[in-house]
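Working through the structure, step by step
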Amino acid sequence: MSAPGPFNVSSYLRRAAQRHPQQRALCENERCIATFAELEARVQELADYLRVRLGLCPGDRVALFAENRARYIEWMLALWRAGAIVVPVNARLHVREAAYILADSQARLCLTESHRTGALAAAVRDAGLTPDALAVGDIDVDPEVWPALGGTADKAAAADDVAWLFYTSGTTGKPKGVQITHENLRQMVLNYLADIEPVAPGQCLLHFAPLSHGSGLYLLAHLAGGSNNVVVRGLDLGFGQIARLAAQHGAASLFVAPTMIQRLLRSPEPVPTPGQLRTVIFGGGPMHVAPLKDAAAALGNRLVQIYGQGESPMTITCMRRSELQDAIARDDHARLASVGSAFVGVEVGVRTADGIRLSPGEAGEIVVRGATVMAGYWNQPDATRQALRDGWLHTGDIGVLGGAGDLTLLDRSKDMIISGGMNIYSREIEDVLVAHPGVREAAVIGLDDAQWGEIVVACVATVDGKAVDACELDRHCLDHLARFKRPKRYHFFDELPKNHYGKVLKRELKARLCADAPAAPA
Ligand code: AMP
């Protein structure tokens, strides 16, 4: 790999420091940590130290395994400035899961919190890595007191110009490292500014969600616009907190998972004014129509939905605020159940498994083409060839395009149910189930069946854990769905099992239920 490419995302910081040196750049809760001029000086100092004193080389992988804190952002920017590849590791992962990512990415350094270093060092040893190969540093202290860097510079495997090596959430198998380049991120920023919102000094982005995922990448659009990145640490998401933080830092935008919106709506405090809360961007998992309507009733035109995946970060389709408002005003259920239309910088299509283009209304695999699409999986040429075919990213999601270009997600291809020769998409049935007033969450899976091939099985968590009769849910499904799609079994859970990004683990539900006896209607 050559030296860092011609464009490096840390240049957004340099530019903001020239244009708005005295504006707030980085805060933690109420506290201002740095103006743009201060942050630029700090990041340059750290980057120089990493390269000159520690011998970090362009293309070296450095993992960040920590909860949200302002330092996380300082390190991301310094690592990018030094030409290193940031490997974000969700702080809620088990140390063994983190050790898998460290070993797979051949990271030279992992920055983590002091309370984890012992357990991590042991897990890393068990994963076959020695301290010579990987150094573990305390993210909260300056690098002068870190151990010497592990390993030697190894640039062989990286595609050119990689900035972010993001491990997929692994809902269907071992996580794979997705190589996202500086150029991919630049395009992601442009798409944000074009389709989600313009950004200016005096505004802020509140990082309630983990920096190791989408919220961390949205940092860049706000850096580019000269707005303040506010890292939220140890505070619960709620309208009251948003209003308090906005009073300090200006009108706030935030990115949340759909499940976090429901938490937000349960806030006892009043909904913040538009001057306090500009935009709530949500995505990363299904948002069903009933809770979406509740969210729109509370937040009006401040909601934006995005559909993306690690392989085209935060950027496949977008339901812009005006589109969502329009769909609400017309009570257009089909539109509300969609994830909007392609971001301005990408093309979206739907294809058969053999790569044949499908027409609007036909269901198939969603494909994406554009400058946000990954350079490939890390050290996985077969998986890369499988995902990047004919110039298109094959997302593994099944969907259908409407005549106006709006895309509706039906399922992950691996989760689609084939029962009696019919394709059944879990999303459609889940949408119906969560519209029942007694249902809080629902996940629909297929289980092997001698007669039908697979049968539809519903896994349900009820509102406040109150019992809901399976026969009643069956009647509700029959009122809304074709007969062959209705679940043949119901299982009730206090909570559905989820991964650390809040996505329901259908694989785990299947494993748990395989052996179970039928629980409801014949
Ligand atoms: P990840 O790569 O971990 O961000 O997961 C990406 C996957 O999450 C996508 O391939 C979709 O299956 C799902 N996803 C992302 N955004 C949405 C959305 N707005 N609605 C439904 N599912 C989504």
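Source: prediction; values computed, not measured.

**Overview of the overall build of the protein**
When helices and strands are tallied, the protein shows 16 helices and 26 strands. Scaling as 2.2 N^0.38, a compact globule of 522 residues should have a C-alpha radius of gyration of about 24 Å, and the protein matches this with 23 Å. Overall, the protein is about 70 × 50 × 45 Å in size when its C-alpha atoms are taken along their principal axes. At a minimum sequence separation of 6, the contacts of the protein that also span at least 24 residues come to 69%. For the protein, the exposed area adds up to about 20400 Å²; of that, 51% sits on carbon and sulfur atoms.

**Structural notes on the site of the ligand**
As a matter of local geometry, the ligand sits amid 17 residues, with I306, Q309, G310, D397 and K503 nearest to it. Between the ligand and G285 there is a distance of 3.1 Å, counted from a nitrogen atom to a backbone nitrogen or oxygen. A distance of 3.0 Å separates a nitrogen atom of the ligand from a polar atom in the side chain of Q305. For the ligand, whose accessible area on its own is 500 Å², the fraction buried by protein is 90%. Secondary structure elements with two or more residues in the shell around the ligand: β13 (303-309) and β21 (407-412). If you tally residues by element for the shell around the ligand, the top one is β13, at five residues. Broken down by class, the residue content of the shell around the ligand amounts to five nonpolar, nine polar and three charged.

**Description of the sheet that holds strand β14 (residues 312-319)**
Strand order across the open sheet formed by nine strands is β2-β1-β10-β9-β11-β12-β13-β14-β15, with mixed pairing between neighbours. Strands at the two margins of the open sheet, each flanked by one partner only, are β2 (31-35) and β15 (341-342). Bridge count between strand β11 (residues 252-256) and strand β12 (residues 277-283): five bridges; the pairing is parallel. Across the sheet, S253 pairs through a bridge with T279, a residue of β12. Strands β9 (204-207), β10 (228-231), β11, β12, β13 and β14 of the sheet are contacted by helix α7 (residues 214-224), whose axis makes an angle of about 170° with β9.

**Brief notes about the domain arrangement of the protein**
Quoted interface sizes are often the accessible area lost when the parts come together. In terms of domain boundaries, the protein breaks down into domain 1 (11-21 + 35-180) and domain 2 (416-521). For domain 1 and domain 2, the distance between their C-alpha centroids amounts to 40 Å.

**Description of the pairing of β12**
Among the seven residues of β12, seven are classified as buried, and the element is accordingly described as predominantly covered. In this view, the connection linking β11 to its parallel neighbour β12 by way of helix α9 (residues 258-265) has right-handed handedness. One ladder, built from four bridges, connects β12 with β13; its direction is parallel. Within the sheet, the bridge partner assigned to G283 lies in β13 and is I306.

About the thresholds
- Residues numbered from 1 in each chain as written.
- Predicted model: local features only at pLDDT ≥ 70, side-chain atom pairs only at ≥ 80, totals over all residues.
- Heavy atoms only, no water.
- Helix = DSSP H or I, 4+ residues; strand = E, 2+ residues; numbered from the N terminus.
- Rg over C-alpha atoms; globule rule 2.2 N^0.38 Å.
- Contact = heavy atoms within 4.5 Å.
- Areas by Shrake-Rupley, 256 points an atom, 1.4 Å probe, with all protein chains shown as cover.
- Near = heavy atom within 4 Å.
- Polar contact = N/O pair within 3.5 Å; in protein donor to acceptor, adjacent residues only side chain to side chain.
- Nonpolar A, V, L, I, M, F, W, Y, C, P; charged D, E, K, R; others polar.
- Pairing = 2+ DSSP bridges.
- Axes fitted to C-alpha atoms, helices over the stretch in contact; angles between N-to-C directions.
- Domains from an automatic or database assignment.
- Buried < 20%, exposed > 50% of the residue type's maximum accessible area, 1.4 Å probe, protein only.
- Right-handed = clockwise from strand over helix to strand, strands pointing away.

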